[in-house]
Every structure is written in structure tokens, then in C-alpha cells.
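Coordinate analysis (summary)
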Amino acid sequence: MSAPELNSIPISARIQTIRRLTADTALFRLQLDGDRTFPFIPGQFVQLSVPGGGEVPISPADLPAVDGTIELCVRRFGHVTSLLHRSRTGDRVGIRGPFGNGFPVDAMAGKDVLLLAGGLGIAPLRSLLFHLLRHRSDIRSLTLMYGAREPAVMLFKDELLELATTGSLRLLLTVDFLSDTGQAEPACNVGLLPALLKGVQLEPGRSCAAVCGPPALYRCTIDELLLAGVAEDDIYLSLERRMKCGVGLCCHCAVGQLLCCCEGPVFSYRDIKNIPGAL
Ligand SMILES: Cc1cc2nc3c(=O)[nH]c(=O)nc-3n(C[C@H](O)[C@H](O)[C@H](O)COP(=O)(O)OP(=O)(O)OC[C@H]3O[C@@H](n4cnc5c(N)ncnc54)[C@H](O)[C@@H]3O)c2cc1C
Ligand code: FES
């Protein structure tokens, strides 16, 4: 099957497992029909269709698997995602894609790499994290800074702590506030994510950062990254826009003159800093 055909016709898949992560977020492992593989670059997205609902853009949360499975971490938000959350294992869905550019993993070679995830932004960055860990010798250092609202909604915490024990990854976790009990969370700072960057000094040209999270995160994080010495070209931001066609036809996802579905969703700060409304 040729690439354009692959992108416009959904591939049928069966929900293999559903792992509830928090009250409103779950990790869905899909088994593609025919055990076909689904290659993608971390940061690209798929259009997930739920029968009777419609399509939603979702970024895979793991790496392309040889066994024909794909993992999507989905928060219950509106119509389609609520329908998905009511699904059971064995139910069928469809996926089209992959779409967009993804993170420029080759440009990260030889660098100190910082991943900054806010809230659900950890989903696409988990895929990038797995990729970088698999190719760890290609980069100089790897740091993940991940901020969540409160301990109860921090995703993949145990998995991340375990990965950090290997020594391949420096992990900094933070929560905006503690839970009602006020009980201190081991291995977790309290404060906003950009605060973790205060005082960090990186070598311009030898460092880069990938940021994914809610829109409010971007402005203050960018200022701190620039102060820390990361060049504008080396700050990669994943933008979330409303997607429909996913292939540059409907303009639903326009960011100024740029189309988020094909020229993004990952942009360098330099590319979008002068586009009104981009950030
Ligand atoms: C590239 C990309 C990757 C994404 N990756 C993930 C992921 O890994 N996990 C995940 O849980 N979610 C992800 N999302 C967000 C997800 O696509 C939306 O939560 C989903 O489309 C909501 O659909 P719904 O039918 O449940 O809600 P709807 O019923 O369509 O929407 C509920 C409300 O949200 C508004 N809305 C819907 N989508 C958007 C949007 N994209 N931007 C602004 N407002 C919107 C609607 O206007 C409406 O007011 C991603 C989005 C993009 C663009
Ligand atoms: S989603 Fe249609 S042009 Fe981008």
C-alpha cells in the first residue's frame, strides 16, 4: 500500500489493553489488524477514530513496535475521548497516519538534551524519551523535567523513577501543589515547572530542549531556556491545534501561514516566535 493511501484510510485496530493511569487518563494499547507495523517519529500524531464518535489527533506515547501494537495515552476531554474511555478491551477503533513532522531527533545528536513536559505533554515526550534512551550514546546528556498539577495526576511516575535508576537519565519531577493530605511526595519538588530551570547553565549550540504541555507553559519556559543558554533554533515546541484532515487540506490547524498538521506540530521557537497567536 502506498503512503498517501495509508494516511487517508484508517487502519482497523483492536483495543488490546486499557491501563487506567488517573481518574481521567488511560493508556490504550491497540493491536493493528494483520499485526502490521506502524512506523512513526516521536512527536508525530495519528488520527484515532472511535466508531460512532469521530476522529481525534493523538500522539503515540511509545516507540513503533514490531508486534503491530501502538500505545496511546488519552485524557477524557469531550465527545470522542469520552466514547473511547467507555470502550472495553476487544473493541475496535481506527487509526490514520502518522501525520506531521515529529521531533528532529537527528539534530539532537551530540547535545545535552532537555525534555520539558507539563501535564499530558508527557505522552508524546515519553515516546521521544524512549527513542533517546535507545540511542543514548548519540547524545551527551539527557534530562527530563516533568511537572504535574498534583501528585495524584502525575503520569508514569514509577516508570520514570525506575528509568532514572539506570543513570542514563536525570529526572526532575515537580507538582504545583501537594495533595489534601499535604504529605510530602518522595522525589518530587513543589513549584511550577519553569522554576526547575532557574540557575541551569547550558552550552549554546551544544544543548537543545523539547517542550510539550499546556499553552501557558510555553512562554515562561522559553524565557528560562533562553536564559539558560539554549539557542532559539534548538528549542522545539509541540503545538496543539484543532486538526481535521491531517494532510494540509482544510486549514483548521493554521498557525499564521503555517499548517500545524504537516509543517508541525513541532516547531522551533525561531520559526514561530513572530507569528501572532502561535504561543
Ligand atoms: C498533535 C496533537 C496531539 C495530541 N495528543 C494527545 C495525546 O497524546 N493525548 C490526549 O489525550 N490528547 C491529545 N491531543 C488532544 C486531543 O486531540 C483532544 O483532547 C481531542 O481532540 C478532544 O476531542 P473530543 O472529541 O474528546 O473533545 P471535543 O468534544 O471535540 O471537544 C471538547 C471541547 O474542546 C475543544 N477542543 C477540542 N479539541 C481541541 C484542540 N485540539 N484545541 C483546542 N480546543 C479543542 C472543543 O472546541 C470543545 O470545546 C492532541 C492534540 C493534537 C493536536
Ligand atoms: S488539519 Fe486540515 S490542514 Fe491541517
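Residues numbered from 1 in each chain as written. Chains lettered and ligands numbered in written order. Predicted model: local features only at pLDDT ≥ 70, side-chain atom pairs only at ≥ 80, totals over all residues. Heavy atoms only, no water.

Examining the site of ligand 1
Put simply, the rule is: Residues are labelled near a given molecule or strand when at least one of their non-hydrogen atoms is within 4 Å of it. Pairing of N or O atoms within 3.5 Å defines a polar contact, subject to two protein rules: one partner must be a possible hydrogen donor and the other a possible acceptor, and residues neighboring in sequence count only if both atoms are side-chain atoms. Reported accessibility uses the Shrake-Rupley method at a 1.4 Å probe radius. Residues are deemed covered only where the shown protein chains occlude them. Using a 1 Å grid laid over the protein atoms alone, points where a 1.4 Å probe fits but cannot get out form a cavity; open sets with protein on both sides within 12 Å along at least 5 of 7 lines form a pocket; any residue with an atom within 4 Å of a point counts as lining. A pocket or cavity is taken to hold a molecule when more than half of that molecule's atoms are within 2 Å of the pocket's grid points. Numbering goes from the N terminus for both helices and strands, where a helix is a DSSP run of H or I of at least four residues and a strand is a run of E of at least two. Each residue is assigned to one class: nonpolar for Ala, Val, Leu, Ile, Met, Phe, Trp, Tyr, Cys and Pro, charged for Asp, Glu, Lys and Arg, and polar for all the others, Gly among them.
Taken together, 19 residues lie near ligand 1, and Pro57, Cys73, Arg75, Val80 and Thr81 sit nearest. Between an oxygen atom of ligand 1 and a main-chain N or O atom of valine 80, the distance comes to 2.8 Å. Separating an oxygen atom of ligand 1 from a side-chain N or O atom of arginine 242 is a distance of 2.9 Å. Within the complex, the protein chains bury 74% of what would otherwise be the 910 Å² of accessible surface of ligand 1. When atom positions are compared with the pocket grids, ligand 1 is found to occupy the largest pocket. Where the shell around ligand 1 is concerned, the elements lending two or more residues are β4 (54-58), β5 (69-75) and α2 (79-85). Residues of the shell around ligand 1, tallied by class, amount to eleven nonpolar, four polar and four charged.

Section: the domain arrangement of the protein chain
What counts here: Domain ranges listed in this record stem from an automatic or a database domain assignment. Note on contacts: a residue pair is in contact if any heavy atoms of the two residues lie within 4.5 Å. Any carboxyl oxygen of Asp or Glu within 4 Å of a side-chain nitrogen of Lys or Arg constitutes a salt bridge here.
The domain boundaries assigned to the protein chain delineate domain 1 (3-99) and domain 2 (105-272). Each side of the interface is counted separately: domain 1 has 22 residues, and domain 2 has 21 residues. Inspection of the region where domain 1 meets domain 2 yields one salt bridge. Note that glutamate 71 is salt-bridged to arginine 126, the shortest N-O span being 2.9 Å. Counting the contacts that link domain 1 with domain 2 gives six residue pairs in polar contact (both at pLDDT 80 or more). For the side of domain 1 that touches domain 2, the secondary-structure elements that each account for two or more residues are β2 (25-32), β3 (45-50), β4, β5 and β6 (92-99). By residue class, the composition of the side of domain 1 that touches domain 2 is eleven nonpolar, five polar and six charged.

Digging into the UniProt feature "domain: FAD-binding FR-type" (unreviewed entry) in the protein chain
Threshold: UniProt positions are given in the numbering used here, feature names are shortened, and annotations may be inferred rather than shown by experiment.
Per the UniProt annotation, the sites labelled "domain: FAD-binding FR-type" (unreviewed entry) are residues 8-105. Secondary structure within residues 8-105 divides into 8% helix and 45% strand; the distance between the first and last C-alpha atoms comes to 26 Å.

Here we look at unusual backbone geometry
Glycine 97 connects to proline 98 through a cis peptide bond whose omega is 0°. With respect to the secondary-structure elements, proline 98 resides in strand β6. Along the chain, glycine 264 connects to proline 265 via a cis peptide bond; the corresponding omega equals 5°. Among the secondary structure elements, proline 265 is positioned in the loop between α6 (260-263) and β15 (266-268). Positioned with a positive phi, phenylalanine 156 is a non-glycine residue whose angle comes to about 60°. Relative to the elements of secondary structure, phenylalanine 156 occurs in the loop between β8 (141-148) and α4 (157-164). You will see that cysteine 251, though not glycine, has its phi angle at about 65°, which is positive. Relative to the elements of secondary structure, cysteine 251 occurs in the loop between β12 (235-238) and β13 (254-255).

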